[in-house]
Amino acid sequence: MNTVTIVILSILAVLIIAAVVFYFLGKKLQKKQAESQAQIDAMKQTVSMLIIDKKRMKMKDAGLPQMVMEQTPKYLRNSKLPVVKAKVGPQIMTLISDERIFDSIPVKKEVKAVVSGIYITDVKGLHGKQQVNVEKKKKGFFKRAIEKAQEKAGATPIK
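Summarised in this report is the structure supplied together with it. As the structure is a prediction and not an experimental result, all values here were calculated from the model.

Thresholds, definitions, all that
Residues numbered from 1 in each chain as written. Predicted model: local features only at pLDDT ≥ 70, side-chain atom pairs only at ≥ 80, totals over all residues. Heavy atoms only, no water. Salt bridge = Lys/Arg side-chain N within 4 Å of Asp/Glu carboxyl O. Phe/Tyr/Trp six-rings, centres within 6.5 Å; stacked < 30°, edge-to-face > 60°. Buried < 20%, exposed > 50% of the residue type's maximum accessible area, 1.4 Å probe, protein only. Lys NZ or Arg CZ within 6 Å of the ring centre and 35° of its normal. Pairing = 2+ DSSP bridges. Helix = DSSP H or I, 4+ residues; strand = E, 2+ residues; numbered from the N terminus.

**Re the pattern of salt bridges**
Within this structure, the stated rule accounts for four salt bridges. Put simply, Arg100 and Asp98 hold a salt bridge, and the shortest N to O gap is 2.7 Å.

**Examining the packing of aromatic side chains**
Following the criterion strictly, the structure yields two aromatic pairs and no others. Geometrically, the ring pair formed by Tyr23 and Phe24 is edge-to-face, given 5.2 Å between the ring centres and 75° between the ring planes. With centroids separated by 5.4 Å and ring planes inclined at 75°, the aromatic side chains of Phe141 and Phe142 adopt a geometry described as edge-to-face. In terms of burial, Phe141 and Phe142 fall into one category: exposed. Above the ring of Phe102, the side-chain terminus of Lys54 is found at 5.0 Å from the ring centroid.

**Comments concerning the pairing of strand β2 (residues 80–88)**
With eight bridges joining them, strand β1 (residues 45–58) and β2 adopt antiparallel strand pairing. Residue pairing across strands places Lys54 opposite Val84, the latter belonging to β2. Inspection of the sheet shows β2 paired to strand β3 (residues 91–97) by six bridges, in the antiparallel sense. Residue pairing across strands places Val88 opposite Gln91, the latter belonging to β3. Between the antiparallel neighbours β2 and β3 lie two residues, among them Gly89 with a positive phi of about 65°.

Here it is as structure tokens:
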């Protein structure tokens with residue numbers, strides 16, 4: 001056989017083995033994630049809380065309990081996570097928020113949140129005025145150039 005053919009076949013074999021390994025590893029991780037989601041759903045409860053502060057910070061700087069730090073894998077301890085400091089009853093707690101709802105949590109407002117342990121999974125009842133986040137869409141280069149040209153020409157801008 002030709003040397004090039006042997007190299008291509010060996011690379012192909014390595015890629016096939018890697019694909020099979022990733023398939024089974026992904027299946028295993030998906031099963032593990034489904035189990036943990038079922039555990040979170042079983043333990044959830046609705047709690048009224050006053051949100052004091054929220055920010056993304058490293059786990060070791062967040063002030064989480066030592067038991068949480070010990071259970072977390074070492075490669076995840078330096079990753080940033082959404083942390084919410086809230087007053088639940090008479091007690092001030094540091095909670096971890098779900099990434100999907102972190103932006104919708106209002107600061108210095110009272111909310112009803114669905115909590116599972118120290119993990120906020122959902123924010124339900126928001127008291128007081130809601131903040132409406134109206135994000136302006138960034139204009140592209142050509143849109144800005146056309147508007148500048150129209151402004152210089154004295155024409156009314158097209159919206």
